[in-house]
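Examination of the molecular architecture
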Amino acid sequence: MTTTGTYLIKGARIAGGDAADLLVENGYISAVGGSLPAAGATVVDADGLIALPGMVDLHTHLREPGREDAETVETGTRAAALGGFTAVHAMANSSPVADTAGVVEQVWTLGRQAGWAEVRPVGAVTVGLAGERLAELGAMADSRAGVRIFSDDGMCVWDPVLMRRALEYVKVFDGVIAQHAQEPRLTEGAQMNEGAVSAVLGMTGWPAVAEESIIARDVLLAQHVDSRLHVCHVSTAGSVEIIRWAKQRGIKVTAEVTPHHLWLTDELVRSYDPVFKVNPPLRTNEDVLALRAALADGTIDVIGTDHAPHPSEAKECEWAQAAMGMTGLETALSVVQHTMVDTGLIGWADFARITSATPARIGRLAHQGQPLAEGSAANITLVDPAARWTVDPAAMATKGRNSPFAGRELPGRVVATFFQGHPTVLDGKLNVPRAETAEQPQASGRPD
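Residues numbered from 1 in each chain as written. Predicted model: local features only at pLDDT ≥ 70, side-chain atom pairs only at ≥ 80, totals over all residues. Heavy atoms only, no water.

Attention now goes to the overall build of the protein. Secondary structure summary: the protein contains 10 helices and 19 strands in total. Taken against the 2.2 N^0.38 rule, which gives 22 Å for 448 residues, the C-alpha radius of gyration of the protein at 21 Å falls within 12% of a compact globule. For the protein, the C-alpha atoms occupy an extent of roughly 65 × 45 × 45 Å along the three principal directions. Here the protein holds 448 residues, and 61% of them are scored as buried. Put simply, 74% of the contacts in the protein that link residues at least 6 apart link residues at least 24 apart. (Helix = DSSP H or I, 4+ residues; strand = E, 2+ residues; numbered from the N terminus. Rg over C-alpha atoms; globule rule 2.2 N^0.38 Å. Buried < 20%, exposed > 50% of the residue type's maximum accessible area, 1.4 Å probe, protein only. Contact = heavy atoms within 4.5 Å.)

What follows covers the side chain of histidine 89. Within the secondary structure, histidine 89 sits in strand β7 (residues 85-90). For histidine 89, a relative accessible area of 2% corresponds to the buried category. Once residues lying within four places of it in the same chain are set aside, the contact partners of histidine 89 are Val56, Asp57, Leu58, His59, Thr60, Arg120, Val122, Ile149, Gly363 and Leu365.

Relative orientation of the contacting elements helix α6 (residues 208-225) and helix α7 (residues 237-248) amounts to 10°, with a least axis distance of 9 Å. Judged by the inter-axis angle, α6 sits roughly parallel to α7. Contacts from Glu211, Glu212, Ile215, Ala216, Val219 and Leu220 of α6 reach α7 at Gly238, Ser239, Ile242, Ile243, Trp245 and Ala246. Looking at side-chain class alone, the contact of α6 with α7 contains eight nonpolar, two polar and two charged residues. (Axes fitted to C-alpha atoms, helices over the stretch in contact; angles between N-to-C directions. Parallel < 35°, antiparallel > 145°, perpendicular 65-115°, else oblique. Nonpolar A, V, L, I, M, F, W, Y, C, P; charged D, E, K, R; others polar.)

We now examine helix α1 (residues 73-82). Burial analysis of α1 places seven of its 10 residues in the buried class, the great majority of the element. If you follow the buried residues of α1, they end up packed against β7, α2 (101-114), β8 (118-121), β17 (409-419), β18 (422-426) and β19 (429-430). Once α1 ends, the next one or two residues include glycine 84, with phi positive near 95°.

Glancing now at the pattern of salt bridges. When the charged atoms of two side chains lie near each other, side chains of opposite charge can form a pair. In this structure the tally under the stated criterion is 17 salt bridges. A salt bridge links arginine 244 to aspartate 297; the shortest N-O distance between them is 2.9 Å. Here arginine 244 is found in helix α7, whereas its partner aspartate 297 is found in helix α8 (residues 285-297), with 53 residues between them in sequence. Through salt bridges with shared partners, a single network forms among Asp174, Arg228 and Arg364. (Salt bridge = Lys/Arg side-chain N within 4 Å of Asp/Glu carboxyl O.)

Read from one edge to the other, the open sheet built from five strands follows the order β9-β10-β13-β14-β15, with strand pairing classed as parallel. Two strands in the sheet have a free side with no partner beyond their single neighbour: β9 (149-150) and β15 (302-303). Here two bridges tie β9 to strand β10 (residues 176-179), and the two strands are oriented parallel to one another. Directly across from isoleucine 149, in β10, lies its bridge partner valine 176. (Pairing = 2+ DSSP bridges.)

Here the focus is the layout of surface pockets. The computed volume of the largest pocket comes to approximately 360 Å³. What lines the largest pocket is a set of 18 residues, and nearest its centre among them are Leu82, Glu330, Trp389, Arg413 and Gly428. Contributions of two or more residues to the lining of the largest pocket are made by α9 (332-341), β16 (380-390), β17 and β19. Grouping the constituent residues of the lining of the largest pocket by class yields eight nonpolar, six polar and four charged. There is about 270 Å³ of room inside the second largest pocket. Along its surface, the second largest pocket is lined by 15 residues, and Asn93, Gly154, Asn279, His310 and Met324 are the ones closest to its centre. Taken together, the residues of the lining of the second largest pocket break down into three nonpolar, eight polar and four charged. (1 Å grid on protein atoms, 1.4 Å probe; cavity = no way out; pocket = protein on both sides within 12 Å on 5 of 7 lines; lining within 4 Å. Points joined across faces, edges and corners; volume = space filled by probe spheres on them.)

With parallel pairing, three strands are arranged side by side in an open sheet as β6-β7-β8. Each end of this open sheet is capped by a strand with a single partner; those strands are β6 (55-60) and β8. Strand-to-strand twist across the sheet, computed as the mean angle between neighbouring axes with direction ignored, equals 20°. By the bridge criterion, four bridges tie β6 to β7 in an arrangement that is parallel. By the bridge assignment, threonine 60 is partnered in β7 with alanine 90. In this fold α2 packs onto β7 and β8, with an angle of close to 175° to the strand it touches most, β8.

All right, on to the packing of aromatic side chains then. Taken as a whole and assessed by the stated rule, the structure comprises five aromatic pairs. With 5.4 Å between their ring centres and 70° between their planes, tyrosine 7 and phenylalanine 418 make a pair best called edge-to-face. Here tyrosine 7 is found in strand β1 (residues 6-14), whereas its partner phenylalanine 418 is found in strand β17, with 411 residues between them in sequence. Since its relative accessible area comes to 3%, tyrosine 7 is described here as buried. Here a set of aromatic residues connected by ring pairs shows up, and it is made of Phe150, Tyr169 and Phe173. Over the ring of tryptophan 263 we find arginine 408; its NZ or CZ atom is 4.9 Å from the centre of that ring. (Phe/Tyr/Trp six-rings, centres within 6.5 Å; stacked < 30°, edge-to-face > 60°. Lys NZ or Arg CZ within 6 Å of the ring centre and 35° of its normal.)

All right, on to the nonpolar core then. Formed by 73 residues in total, the largest nonpolar core has its most connected members in Phe150 and Phe351. Counting residues per element, this core draws most heavily on α6, at six residues. (Core = buried A, V, L, I, M, F, W, Y, C linked by side-chain atoms within 4.5 Å.)

Along the polypeptide, glutamate 105 turns up in helix α2. When the C-alpha positions of glutamate 105 and serine 143 are compared, they lie 6.9 Å apart, and in sequence the two are 38 residues distant. Residues within four places of glutamate 105 in sequence aside, it is in contact with Ser143, Arg144 and Ala145.

A few words on the environment of threonine 6. With respect to the secondary-structure elements, threonine 6 resides in strand β1. Measuring from C-alpha to C-alpha, the distance between threonine 6 and valine 253 comes to 40 Å, with 247 residues separating the pair along the chain. With residues up to four places along the chain from it excluded, the contact list for threonine 6 reads Leu23, Val24, Glu25, Gly40, Ala41 and Thr42.

Given below as structure tokens:
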């Protein structure tokens, strides 16, 4: 398709509501209404499609620098664009670890050069993720990358004194500590969820209390120092109750759930297929139902994909030796539609809240998560909710082939993604990346 710098998206249902036209000019939505004039614009027929604000992921592993065999910023953001994302937060467990201003600026620069989505680095809480001393939090916050989220994801900040200091430190620049809640002493050698299935299989169990005890400690620390805490990949019904308790008391806590924890259970581990090995582990059906209800009622705030690609040799091996993690960027929208929208738990307006508006607010992304209205940045995802497709990992843009949904038929298809007014995806295929220009918005720590 030949494209111009001006686009007229015709007849899209905005957040699942009434159909309207969207005129996109110079990176912004310049008009919303019926039968808008199309002179000089490239017309995108969106009849039957739903228009959503571009999705924002708070939890993506892009692996670069140092682990380019698993993923790169280029391949990961291509996957993000195909999945409907216009912004992703790159976790710090690269090699070297993103624990200095230099490394986070490198990741941020690679994202701008790639042009498929906004890349915001997540800074490490501790040096080398070792849990011994704080990383350069202030320097990363003041860097060009404008880091506002800090996490040792993959490792828990287990020392309560260090966690308290981190929470106190980030208050200065309105940052947030995103905790990987896993008490290490309770999960030594753990291979899967502790329960009936682990007992039958003879695998070392990963108890729910290992997650819940850290969350309970950290919400109390956040309350004590009046700082912001974000809980990564919540996976148990008990965790939901602790977070609900904390929110009722006005504690500044937010939480995320992954798409795979909204659907898959530990029963799948009976296959011994390492594609189902993940941290935190797949839990029980009772946990899945509690997570869905918590996402619907706002106890859990957002979807975080925890996109974790691995080279094939890290997954195509015995369970005990396999790496933990699943890909998720290209399937997230469909899985959330299947588990939350098609079940009637939420509508498309709420879908926009949990995948765009709220994660943008938590990450302090000023140009993301805005409603599709006149004057808003043109970060837009067009979805065909009636489409069906079968997951083929070999056909994905990510380098990772470790999708737990391989071979499954899923609902919903991303037809187009507009990033800062530029179509990175058209007709369900990658178009061309957005060129880096002086006008491209800089990283910003400002609230929306």
